[in-house]
Amino acid sequence: MPDDSEYETAIRSLKKAGWKVDCILTHCAPDSIVSQLSRYYGQDRLTGFLEMVKNKCTFDYWFFGHYHDNQVIDERFILQWEQMVQLTV
């Protein structure tokens, strides 16, 4: 789990980018996406932080893989487990 300084670094980086990025890559997903995957997955400080980022940040896609599946959720959230894709700028 991230410590306080890592959360602060993430916020500083997003502020520097004006809360606008092309894509977000994380291990876990935001709370609202976790709840769509399964009622058995728990929410914690990290998924809550990611929910705040989801609500505040403008982005095209969000990639994550913790939940060991492959699916697209709400068109922008890409759960990838056994896939590889190349991201280009």
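Look above for the structure.
Below, the structure is looked at part by part. Just so it is clear, the model here is predicted, and its values are computed rather than measured.

This part covers the environment of Leu46. Along the chain, Leu46 falls in helix α3 (residues 45–56). Classification of Leu46 by relative accessible area gives buried; the value is 14%. Remark: the alpha-carbon pair of Leu46 and Ala10, spanning 36 residues in sequence, is separated by 12 Å. In contact with Leu46, not counting residues within four places along its chain, are Met1, Pro2, Tyr7 and Cys28.

Along the chain, the position of Gly18 falls in the loop between α1 (4–16) and β1 (23–25). Looking at Gly18, the relative accessible area reads 52%, which means it is exposed. Taking the C-alpha atoms as reference points, Gly18 and Cys57, separated by 39 residues in sequence, lie 8.4 Å from one another.

The tally for this structure, following the rule as stated, stands at two salt bridges. Close ionic contact of Asp4 with Arg45 constitutes a salt bridge, the shortest N to O distance being 2.6 Å. In this pair, Asp4 sits in helix α1 while Arg45 sits in helix α3, placing the two residues 41 residues apart along the sequence. A salt bridge links Lys54 to Glu51; the shortest N-O distance between them is 3.8 Å. Taken together, the residues Lys54 and Glu51, both in helix α3 and three residues apart, mark about one turn of the helix.

If you trace the four strands from one edge of the open sheet to the other, you get β1-β2-β4-β3, paired in mixed fashion. Only two strands of the sheet have a single neighbouring strand rather than two, namely β1 and β3 (71–73). The average angle at which neighbouring strand axes cross in this sheet is 20°, direction not considered.

Rules used throughout
Residues numbered from 1 in each chain as written. Predicted model: local features only at pLDDT ≥ 70, side-chain atom pairs only at ≥ 80, totals over all residues. Heavy atoms only, no water. Helix = DSSP H or I, 4+ residues; strand = E, 2+ residues; numbered from the N terminus. Buried < 20%, exposed > 50% of the residue type's maximum accessible area, 1.4 Å probe, protein only. Contact = heavy atoms within 4.5 Å. Salt bridge = Lys/Arg side-chain N within 4 Å of Asp/Glu carboxyl O. Pairing = 2+ DSSP bridges. Axes fitted to C-alpha atoms, helices over the stretch in contact; angles between N-to-C directions.

Remember that the coordinates give geometry; whether it matters functionally is a separate question.
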